[in-house]
Amino acid sequence: MDAFMTDKSPIRARNFPSAEDEARAVQPHGRYDGPGSSFRMAFTDTDFLLREELRPVRLQLELLKPELIQQEQGVESTVVVFGSARFKAPEVAEAMLAEAVASGDDEAIRRAGRMVQNARWYEEARRFADLVTRESDALGEPVIVATGGGPGIMEAGNRGAHEAGGRSMGMSIFLPFEEAPNPYITPELCFQFHYFAVRKMHFLMRAVALVSFPGGLGTLDELFEVLTLTQTGKIRRRPIVLIGRAFWQKLIDFDVLVEHGVIGPDDKNLFHYAETAEEAWDVIKAAYQGDNPALVARQMRGN
């Protein structure tokens, strides 16, 4: 009887062929393979899947694919890094400044000089990701760095994890003007999204902390989404760290919001400021090493 109970036994064979098997086995059928034919199986018919009416299915697929792959890859908890896609690595920024100086163009020199100044945020993001990766068990739960997968601060986050010998995730969004994902993402954890909303949901589903470096509209969109969901109790409390107090306080005067009564004084406690990679990581570690039962690294996704 034991011979019939092994995984390779006919008794455990599939009763039906898999969808993959049948999709591969389909043979051409002459006139029914041409344009306009409805003969293709629905799940292999790209024209059908891209119909306007199929948007709910595409939303579901875009939510499901990264979820299943992260489960298969054993990703339970992430530290998410936001920030400008336009900042350059220090060596790149220095080369841009040298080129601008050689050209004699005052405006180009000014822009390149600003890029050199902002390159420090790239370096801090790289060092932060290196710290998180090297001390990935410091929160009592293995964590990996997750970014938006693009250039700038996102590249720095993935680069720091890569240089530390660890994995990292990149969640790219298709944009007409953006290049391919940065080259430092773990290939098995490199995703591409069509829907911003689904992408932002995946940023938060496994996040145990979120760190935002200076950035533009995209960074502000992601940051305020997190702050709003936390303020309204739609997501559980977790450390939110803004790197670069001078930048953020000049950009957003939270005291004005309190003064006008559109947020409460306690809402300023939703986030922390930090200046360096080490300070940001210390804020996160301190939060999880305390006795706050609301801060547990492992994600609970029963609902």
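One can find the structure itself at the top, above this paragraph.
Reading the values: rules and limits
Residues numbered from 1 in each chain as written. Predicted model: local features only at pLDDT ≥ 70, side-chain atom pairs only at ≥ 80, totals over all residues. Heavy atoms only, no water. Pairing = 2+ DSSP bridges. Helix = DSSP H or I, 4+ residues; strand = E, 2+ residues; numbered from the N terminus. Axes fitted to C-alpha atoms, helices over the stretch in contact; angles between N-to-C directions. Contact = heavy atoms within 4.5 Å. Phe/Tyr/Trp six-rings, centres within 6.5 Å; stacked < 30°, edge-to-face > 60°. Buried < 20%, exposed > 50% of the residue type's maximum accessible area, 1.4 Å probe, protein only. Expected span 1.5 Å × (residues − 1). Core = buried A, V, L, I, M, F, W, Y, C linked by side-chain atoms within 4.5 Å. Parallel < 35°, antiparallel > 145°, perpendicular 65-115°, else oblique. Left-handed = near helix turned anticlockwise from the far one by under 90°. Nonpolar A, V, L, I, M, F, W, Y, C, P; charged D, E, K, R; others polar.

Caption draft 1: Seen up close, the sheet that holds strand E5 (residues 207-212). Spatially, the seven strands line up as an open sheet ordered E4-E3-E2-E1-E5-E6-E7, and their pairing is parallel. Among the strands making up the open sheet, the edge pair consists of strand E4 (190-193) and strand E7 (272-274). Shown here is a sheet whose adjacent strand axes are inclined to one another by a mean of 25 degrees, direction ignored. In this structure, E5 lies alongside strand E6 (residues 240-243), joined through three bridges in parallel fashion. Across the sheet, the residue bridging to serine 212 is leucine 242, located in E6. Here helix H5 (residues 106-134) sits on the sheet and contacts strand E1 (77-82), strand E2 (143-147), E5 and E6; the angle it forms with E2, its principal contact strand, is near 155 degrees.

Caption draft 2: Local environment of the packing of aromatic side chains. One pass over the structure, following the stated rule, counts five aromatic pairs. Arranged with centres 6.3 Å apart and planes meeting at 85 degrees, the rings of phenylalanine 128 and tryptophan 281 form a pair that is edge-to-face. One end of the pair, phenylalanine 128, is in helix H5; the other, tryptophan 281, is in helix H11 (residues 277-289), with 153 residues separating them in the sequence. Overall, tryptophan 281 belongs to the buried group, its relative accessible area being 1%. Within the aromatic cluster, the residues linked to one another by ring pairs are Phe254, Phe271 and Tyr273.

Caption draft 3: Expanded view of H11. The end-to-end C-alpha separation of H11 is 18 Å, in line with the 18 Å expected for 13 residues at 1.5 Å each. Where H11 is concerned, the buried positions are Ala277, Ala280, Trp281, Val283, Ile284, Lys285, Ala287 and Tyr288. Lining the buried residues of H11 we find E1, H5, E5, E6 and E7.

Caption draft 4: View of the nonpolar core. Grouped together as the largest cluster of nonpolar side chains are 31 residues, with contacts concentrated most on Val80, Met169, Leu210, Val226, Ile240 and Phe271. Elements supplying a minimum of two residues to this core: E1, E2, strand E3 (168-173), E4, helix H7 (196-205), E5, helix H8 (217-231) and E6. The contact partners of leucine 210, leaving out residues within four places of it in the chain, are Val80, Phe82, Leu204, Val226, Arg238, Pro239, Ile240 and Val241. Counting 29 residues, the second largest nonpolar core, distinct from the first, contains Phe128, Leu131, Ala280 and Trp281.

Caption draft 5: Summary view of the packing of helix H3 (residues 55-72) against H7. The geometry of H3 relative to H7 is characterised by a closest axis approach of 10 Å and an angle of 30 degrees between their N-to-C directions. Comparing their axes, H7 and H3 come out roughly parallel. H3 and H7 meet at a crossing whose hand is right-handed. The residues of H7 that touch H3, namely those facing Leu59, Glu62, Leu63, Pro66, Glu67 and Gln70, are Val198, Met201, His202 and Met205. Within the contact of H3 with H7, the residues separate by chemical class into six nonpolar, two polar and two charged.

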